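# Structure assessment
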Amino acid sequence: MKTIKEKKKEHQRLRKSAKTRRVTQRKPSSGPVCRLCLQEPGDPEKLGEFLQKDNLGVHYFCLILSSKLPQRGQSNRGFHGFLPEDIKKEAARASRKICFVCKKKGAAIHCQKDHCVRNFHLPCGQERGCLSQFFGEYKSFCGKHRPTQDIKRGNMGEESCVLCCEDLSQASVENIQSPCCSQTIYHRKCIQKYAHTSAKHFFKCPQCNNREEFPQEMLRMGIHIPDRDAAWELEPGAFSELYQRYQHCDAPTCLYERGRDSFEDEGRWCLVLCATCGSHGTHKDCSSLRSNNYAPENSSDIPCCSSTFHPEEHFCRDTGLEENPGPSWADWPGPSLLEKPESSGSRRSCSWRSKGVKITRCCKKK
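Let me begin by describing the structure that accompanies this report. Predicted model, so just to flag it, every value in this text is computed and none were measured.

## Some words on helix α7 (residues 213-220)
Those residues of α7 that fall on the buried side of the exposure criterion are F214, P215, E217 and M218. Down the axis of α7, the sector holding all buried residues measures 165 degrees, keeping them to one side. The inward-facing, buried residues of α7 abut β7 (175-177), β8 (185-187) and α6 (188-202). Just past α7, the residue G222 takes up positive phi, approximately 90 degrees.

Now the structure itself:
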C-alpha cells in the first residue's frame, strides 16, 4: 500500500512525463526550420522574427540567446551582424548538447546559473518555465534558477489582469507584478503582447504611466521590448488619410454642372475648404463667396464652415451673381449664433456681411 507522499510523487512524475511527451511528439516539418532550435518559425512574440537567407533559417531570439554565438559582423552583414559561418559552428556545438526538456540534441541555450548543467531549446524552455533576458549579456535561466518576484497569492483567484480583464493564473511563472503599482498583476503573455505592440518608445506602466522602473523590471523578468517604432506607426498607409484633401461640395444646392465631386483649380468653380477643420468644402459660386486677392495657400482667405461668420473685410458678396445668387454658406443647417436666445446683460452690436445682406448680431461686452 502506497503512502500519500508516495502517491503525490508518482502523480508529479506522471505529469512531468506527460508534459515532456507533448513536447517531443512534434510532427516533422516539411517547411523551413530554425538551425539552432530545430523548430518551425512559430509565434514572433515568443521566438522573434524568422530570418532566412541562402537556405539558412534562424529565429531572431535564438540568435541573440545562444550561449556561444558571437556577433562579429556589422549590422548589415549576415543576420543582424551574426555571420552564417558562426551560426553553423554554433549549431554544430549545440548538436552535442541534450535538451533537458525534450531529451533531444541541438540545445544551444545554457542556464547561466553557476554549476547548473541544464541546456534547452528556446521553445522547450518556454514551455517548462525557463526565462531569457533581452538586455545586457542576454542571459537565460532554467526554471529553478530564473529571477522571481514575491507575488502574494492571497486574493489571486479574485483578481484579474488589467490588460485582458481575465482571471489571473495560479502559477506564479505566468504572472508578473508591477514594480510601481504593487497591487497590480498581469499575465506574462499580456505584458509581452503589449510590449511587442508599443515597443521601446511607448512602453510604460498601464496604470501610472511609469517609464523608468516599470520597463526595467519587465526586462529583468524576461519581457522583450523591441527597439523600434510602435506597431501602429509601422502599418502601411496608417496615416495616408491625413494627406488626402477633401474633394466634395457640401453646399445645400450645388450649382456646378459636373456635380459635387468635381471642381477646377481656380476660378468660379474652385473648391474652398473650411479653414478650421478642412473636412467641409464648397464651390465659390455655390456659396456666393468671393475673397479679396484669394489664394488657396493663404488660410486667412478661407471661410469657416461653422455658424460663426468671418468679418466682412475677408469676404464680400460677388456682385456678378446679382441675378441668380446662390445660397450662402452661412445658411447651412446647424446652430447659429443668431438663433441662440438672448440672455440678460449689457450688449453691443456688431455688423457682419453674408450674401450682401447686413446682419446685426448681439455680443456681450467684455
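## Remarks on empty space enclosed by the protein
Applying the stated criterion across every chain yields a total of two cavities of 30 Å³ or more. Looking at the second largest cavity, its volume works out to about 30 Å³. Taken together, L36, C37, C62, S66, A108, I109, F120, H121 and L122 form the lining of the second largest cavity. Of the residues belonging to the lining of the second largest cavity, the class tally is seven nonpolar, two polar and no charged.

## Considerations on a negative patch on the surface
A cluster of acidic side chains, namely E257, E264, D265 and E266, defines a negative patch on the protein surface. Relative to the assigned elements, D265 resides in the loop between α8 (231-234) and β9 (271-273). Using a relative accessible area of 73% as the deciding quantity, one classes D265 as exposed.

## Focus on the environment of E257
Here E257 lies in the loop between α8 and β9. Placed twelve residues apart in sequence, E257 and W269 show a C-alpha to C-alpha distance of 9.9 Å.

## Structural notes on the packing of aromatic side chains
On inspection of all chains with the given rule, the structure shows eight aromatic pairs. Ring geometry for F61 and F134: centres 4.7 Å apart, planes at 50 degrees, overall tilted. Separated by 73 residues along the polypeptide, F61 in helix α3 (residues 60-65) and F134 in the loop between β5 (131-132) and β6 (140-141) bring together distant segments of the chain. We classify F134 as buried; its relative accessible area is 13%. Joined through ring pairs, the aromatic side chains of Y186, Y194, F203 and F214 make up one cluster.

## Examining the pattern of salt bridges
Taken as a whole and judged by the stated rule, the model has six salt bridges. A salt bridge links K193 to E45; the nearest nitrogen and oxygen atoms lie 3.6 Å apart. Here E45 lies in helix α2 (residues 44-47) and K193 lies in helix α6, a separation of 148 residues in the sequence. D285 is the partner of R268 in a salt bridge, and the nearest nitrogen-oxygen pair spans 2.3 Å. Of this pair, R268 sits in the loop between α8 and β9 while D285 sits in the loop between β10 (281-283) and β11 (290-291); the two residues are 17 residues apart in sequence, bridging distant segments of the chain.

## Details of helix α4 (residues 84-94)
One turn of the α-helix equals 3.6 residues, which is why residues spaced by three or four share an orientation. Looking only at α4, the buried set comprises D86, I87, E90, A91, R93 and A94. When α4 is viewed along its axis, its buried side chains cluster within an angular range of 160 degrees and face the same direction. Of the surrounding secondary structure, the elements contacted by the buried residues of α4 are β2 (56-59) and α3.

## Re the pairing of strand β1 (residues 50-53)
Taken together, the four bridges between β1 and β2 define a ladder with antiparallel strand orientation. Across the sheet, the residue bridging to Q52 is G57, located in β2. Taking the residues that link successive antiparallel strands as the turn, the β1-β2 hairpin has two residues, and the phi of D54 there is positive, at about 55 degrees.

## Details of the layout of surface pockets
Approximately 630 Å³ is the volume attributed to the second largest pocket. Around the second largest pocket, the lining comprises 23 residues; the ones closest to its centre are Y60, H224, I225, P226 and D227. Those elements that provide at least two residues to the lining of the second largest pocket are α3, α6 and α7. Looking at which element gives the most residues to the lining of the second largest pocket, the answer is α3, with three residues. Residue composition of the lining of the second largest pocket, grouped by class: 13 nonpolar, five polar and five charged.

What counts, and where the lines are drawn
Residues numbered from 1 in each chain as written. Predicted model: local features only at pLDDT ≥ 70, side-chain atom pairs only at ≥ 80, totals over all residues. Heavy atoms only, no water. Buried < 20%, exposed > 50% of the residue type's maximum accessible area, 1.4 Å probe, protein only. Helix = DSSP H or I, 4+ residues; strand = E, 2+ residues; numbered from the N terminus. Arc of directions from axis to C-beta. Contact = heavy atoms within 4.5 Å. 1 Å grid on protein atoms, 1.4 Å probe; cavity = no way out; pocket = protein on both sides within 12 Å on 5 of 7 lines; lining within 4 Å. Points joined across faces, edges and corners; volume = space filled by probe spheres on them. Nonpolar A, V, L, I, M, F, W, Y, C, P; charged D, E, K, R; others polar. Patch = residues over 30% accessible without salt bridge, like charges linked within 9 Å, V, L, I, M, F, W, Y side chains within 5 Å. Areas by Shrake-Rupley, 256 points an atom, 1.4 Å probe, with all protein chains shown as cover. Salt bridge = Lys/Arg side-chain N within 4 Å of Asp/Glu carboxyl O. Lys, Arg positive; Asp, Glu negative; His and termini not counted. Charge placed at Lys NZ, Arg CZ, Asp CG, Glu CD. Phe/Tyr/Trp six-rings, centres within 6.5 Å; stacked < 30°, edge-to-face > 60°. Pairing = 2+ DSSP bridges.

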